[in-house]
Structures are given as structure tokens and as C-alpha cells.
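# Commentary on secondary and tertiary structure
Chain by chain, the residues run as shown.
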2 protein chains.
Amino acid sequence: MTSASKKDFEQLNFLLASLEESEAKRVFSKLERVSLDLGHVIYESGEKLDYAYFPTTCIVSLLYIMEDGGTAEIGIIGNDGLLGVPLFLGGDSTSSRAVIQSAGDSYRMKPKDLVEEFKRAGRFQDLLLRYTQALMTQISQTAVCNRLHAVEQQLCRWLLLSHDRLITDKLVMTHDLISNMLGVRREGVTLAAKKLAAKNLIKNTRGTIEVIDRQGLEDASCECYEIVNSEYNRLLGRGMSRTFA
Amino acid sequence: MTSASKKDFEQLNFLLASLEESEAKRVFSKLERVSLDLGHVIYESGEKLDYAYFPTTCIVSLLYIMEDGGTAEIGIIGNDGLLGVPLFLGGDSTSSRAVIQSAGDSYRMKPKDLVEEFKRAGRFQDLLLRYTQALMTQISQTAVCNRLHAVEQQLCRWLLLSHDRLITDKLVMTHDLISNMLGVRREGVTLAAKKLAAKNLIKNTRGTIEVIDRQGLEDASCECYEIVNSEYNRLLGRGMSRTFA
DNA sequence: TTACGTAGGTGCGATAACGCACATACATCG
DNA sequence: CGATGTATGTGCGTTATCGCACCTACGTAA
């Protein structure tokens, strides 16, 4: 592996980029690249994961689907982490669905290889465990936010978390899709998005939301975004927030 | 360590009880017993944990406290697990508070010892990782439940999770305390509790809620309880639910 | 250019939970 | 036993969100 090809990974997935040269070489050799379309279901609730995914330009939503058809997202995974935590925790499956929220590319690795690398108990294991804690923080904050905050604030939080994991300011997603993630009515999202647009924080066009005023969005958000962002920075040692990008 | 003293641990904390004799001997030698009072704060948000706790008869709540004073619980830990997951995940602290929800006893272990045992990569590590996934499931389901379900159903879920972790049917807790956990008004809890009492599922007395009809409570609960319970059973390989106890 | 499918906007009554105020009831302790 | 503190019960107007209905606007493809 040349340093040039390592750089490719570095630019694309922060978890992979944090590996040291010696470990990176072995890990990278076990990765393959895939493109994932919007809406694609990577795995269903209760299924065993076929692969662990290290997203580069795509974003993955962890979604719960209830008996009555209601849905709610518990977390977002992008180029900051990986999909497949249950593989090395030992449960192999979870009760959530993983679905592509924003189309793009990802690296993936066979479960057997992931577990093998994890068991080497090196820097990679350390990273995976720290990422697990970061994800737990995100899920926890989602729980609290769902209970205590209004839809408009939650939409800000959600847009910020998504924005952090994308390289563009234009989020290709409908209000209907967002409503499924937030677990609220589509009209509720439309209303909240209109309010944010009126404040010139975002621009609403058919099928796309563009972030106009990033700092303004942070100010309009509940504290939940910043708590999660700080913990990601603390645990994974780099800035995910694009505030100063 | 005699088998009699091992049996003491077995009866009191299921995680410790799942260890094999050889490993158990070493782990048990590093534990000390403590009594914990209702309301005692084991650690504050952002603090480093002084100890990892393996509850026996006490129950611990993981609680988030927001800027405006609003609170919401993200998970309950009892004799099924341990408090201190961030220690072996590498983050050392979390943004939640841990508070005693039901007074009782617990074993505890120094962080250094816990990490040392974790790094041996034996059955103990395996258990800790599986428990981590179980806890993640509980937190995730709390997030979904907070979004999609009514207070009465959530109260059922919460009572069941607490009941599973206690040896008595009488839960010593006020409506006010419960309202802090669920993140709702005290009056909301009173109302919901009255409805459950009217159905003869629980008995409400000053400062105590007694579970009368365990199966009825499960029927009145949202699906969230059963999902969490099943995952605990699957991941930790034994029945937590007292349905058939 | 028109038609059709889908995304977004708006209105309105229903409902769940809130915030506040205050009444009642129980438990303990001087 | 009676006073006090705390837990619980109840009422009421307010607010956020829901569920439904329906309308408008955009975009692509016949």
C-alpha cells in the first residue's frame, strides 16, 4: 500500500484514517468499495450483518420500525464511523434497520475480518470501542431530545448531524423522508422547515434542503447537537463539526 | 474462593454469575461490597468514574439533565449488568448522570482492575461487550418509545424493567421520581398510575407502587418492553423477565 | 405541450401533554 | 394526638402535535 492510496482512505473515512501505517496496510487490504443508493436497506432488524460498512460519502440511518408502522431514527452514521458495531460486540444483529439516507460510496469488510482485526487488540480495537461509545452518546441524546424538545429544534439537530457527514451543503431529501427519521408528521417537518427558511437558515426546494447559515442553525438547535458533537470530538479526537471548515 | 461464596455472587449479579470458575476467582477477588441509598448520585455527567458497579439488589438510572432542568432517563441498570461501560470503551466518562433509583447493595471494582480484566480478552470481555450491546438496545428503544408512545404505555414499560431487576413486587418510588425518569409531568404519572390501578394491574400507595398483575402490565405496555427483554435474553443467555418466575 | 406522479403548503378539529393552582390524604415525630 | 411535610388527586386553560383532507407546484416523459 502506497502512502497515496492510504491518503485516499484518510480523506474519506475518519475511522480508517486514524489507523497507523502498519495496521492500516493490513486493514485496507480487506476492504472493498461499494456504491449505495438512496433508500437501500443494508440490513433488516434481526438479520445478521453481511458486511461491516465504513461510509465515505454516503450516510446511513439506524431506523426502528414499530408494529403499527411508526418509525424513528436512533442514529446517523457517516464517514465518522462504521455500521456493524454489533459484530464485534458479539450480538451479530440488532433490532434496528440500516437504510441509506444519502446516496454515496462506502468501504466494506467481511464480519470475519472485522472480528479478526478487533481481536488483535490494537489501535483498531481501541478506535472501534471509542466509536461505540460515541454512537451510544448519539443514541442517548436522541432519546432525550425525542422526549424534551420541539420538532423545529430537532430538525436543526438532525440537519446539522447530516450536514457534518456530507461534503455538500445541499441535502437531497424530502420532507416525507425526514418525517420518517424524526418520527413526526410530514406536515410537521414542512412547517418547521418553512420557519427555518423564513429565518434564512436553510433554503427549501423540491426534494432538497440547502444549508445557508450553518452557525444560525446551531443557534436554533437544541443543546443536543453540541453535546453529541463534543463527545465525538473528545472520543475520536478530531473536529466533526463543519463550523470552522 | 469456595463454591459457596461463588454462589453468593451468582445469586446476586447475573453478569458475575456467568463467569467460569477460573476467571471468577480472580474477578471476585477484586470486588468489594457497598450499600447505596435512594437518590445517591454515583457519578455526574462528564466526571471520570471512580468505580465500576455490579448491582445486586440496587437499581441504577442513567439520567440526562438538560440546561433548562428537564430530565430524562435513557436506561436502567440492575443485577443484570454493570455501571461503567465507558471505562472499557475508552471514554472514561459519559454525559449522563448515574443515580440510585432503588436502594440496595452492589459490588464494585476499580477501573484499573476492570480494564485489566477486559484486556485479558476472555469470557469476561465477551460478557462485557455483549452487555454493552444489550444496554444500547435498551437506550435505542427508549429513544423510539419517547417519540412514539403514550405516557401510560411508557409507564408500563418502565415498571416492568424496574420490576425485572428487583426481588420484590413493591417498588419504593414516588410519582415525582418516576416523572423525572420518564421526562413527563408528575401529574401525568399520577394519572397513568391511576388508570393502571383501575385495571388492577398495580396498587398505588403513598411512596410505593406494587405490581399486582405482571402479565396484565406486559399486555398494557407498548412493544418496547418485550423487544428489550428479548434482546437481553438473546445476548446474555438467560431470562431476565419474571413472567414465569 | 399536456398529463401525471410526487413534493410541498394550508386549514381545521381532535387529542395528549403541559403549566399552574390548589385540595386532600397519609406518615411521622414532637 | 395534632402539627407538619410530603405525596397524591383534580381542575382548567394553553400548547404542540396529530390525522385527515385537499390544494398547489414542480418536473419529467409521453
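A brief structural summary. (Residues numbered from 1 in each chain as written. Chains lettered and ligands numbered in written order. Predicted model: local features only at pLDDT ≥ 70, side-chain atom pairs only at ≥ 80, totals over all residues.)

### Structural notes on the pairing of strand β3 (residues 52-55) of chain B
All names here are of chain B. Spelled out, the test is: With C-beta atoms placed from the backbone, a residue counts as buried when 20 or more other C-beta atoms lie within 10 Å of its own, as exposed when 12 or fewer do, and as partly exposed for counts between those limits. Under the scheme used here, helices are H or I runs from DSSP no shorter than 4 residues and strands are E runs no shorter than 2 residues, and both carry numbers assigned from the N terminus. Two strands form a pair only when DSSP identifies at least two bridges running between them.
By the alternation rule, side chains of β3 split into A52 and F54 and Y53 and P55, which are all buried. In this sheet, strand β7 (residues 104-109) lies alongside β3 in antiparallel orientation, the contact comprising four bridges. Bridging from a neighbouring strand, Y53 pairs with R108 of β7.

### Quick look at the protein's contact with DNA strand D
Defined as follows: Any residue whose C-beta atom, as placed from the backbone, lies within 6 Å of a molecule or strand is termed near it. As a working rule, the residues Ala, Val, Leu, Ile, Met, Phe, Trp, Tyr, Cys and Pro are called nonpolar, Asp, Glu, Lys and Arg charged, and the rest polar, with Gly in that last group.
Surveying the vicinity of DNA strand D reveals 17 residues, the closest of which are A:A150, A:R185, A:G188, B:T174 and B:H175. Those elements that place two or more of their residues in the surface near DNA strand D are α9 (186-198) of chain A together with α8 (175-182) and α9 (186-198) of chain B. If you tally residues by element for the surface near DNA strand D, the top one is α9(B), at four residues. Looking at the surface near DNA strand D residue by residue, the class counts come to four nonpolar, six polar and seven charged.

### Observations regarding the sheet that holds strand β7 (residues 104-109) of chain A
Residues and elements named next belong to chain A. Rules: Think of each axis as a best-fit line through the C-alpha atoms, taken over the contacting stretch in the case of a helix, with angles from 0 to 180 degrees between the N-to-C directions.
Taken in spatial order, the three strands line up as β1-β7-β3 in an open sheet, and their pairing is antiparallel. With one partner strand each, in any of the chains shown, β1 (32-36) and β3 (52-55) form the two edges of the open sheet. Averaged over all pairs of adjacent strands, the angle between their axes in this sheet comes to 40°, without regard to strand direction.

### Looking at the sheet that holds strand β5 (residues 71-77) of chain A
Keep this limit in mind: Distance between backbone-placed C-beta atoms decides contact: two residues are in contact if it is within 7 Å.
Sheet architecture is open: four strands sit in the order β2-β6-β4-β5 (chain A), paired in antiparallel fashion. Two strands lie at the open edges of the sheet, namely β2 (41-43) and β5 of chain A, each paired on one side alone. Adjacent strand axes in the sheet meet at a mean angle of 35°, parallel and antiparallel pairs treated alike. The pairing of strand β4 (residues 59-65) of chain A with strand β6 (residues 97-102) of chain A spans five bridges and is classified as antiparallel. Bridge assignment links A:S61 to a residue of β6(A), and that residue is A:V99. Across the sheet, helix α6 (residues 123-148) of chain B lies against β4 and β5 of chain A, angled at about 135° from β5(A), the strand it touches most.

### Some remarks on the interface of chain B and chain A
Facing 35 residues of chain B, the contacting portion of chain A comprises 35 residues. Within the residue set of the side of chain B that touches chain A, elements represented by two or more residues are β5 (71-77), α4 (85-89), α6 and α11 (224-236) of chain B. Of the residues forming the side of chain B that touches chain A, the biggest block, 15 residues, is contributed by α6(B). Among the residues forming the side of chain B that touches chain A, the class breakdown is 15 nonpolar, 13 polar and seven charged.

### Describing the relation of the copies chain B and chain A
Rule in force here: Fitting of the copies onto one another was done by least squares over C-alpha atoms, counting residues only where both copies have pLDDT of at least 70.
When chain B is fitted to chain A, the best match, at an RMSD of 0.0 Å, comes from turning it 180° and sliding it 0.0 Å along the axis. Given the turn and translation reported, the copies of this chain are related as if by a two-fold rotation axis. Closest to the rotation axis within chain B is the C-alpha of B:A143, separated from it by 1.7 Å. Of all interface residues in chain B, 100% are interface residues in chain A too; the two copies therefore contact each other through one and the same surface.

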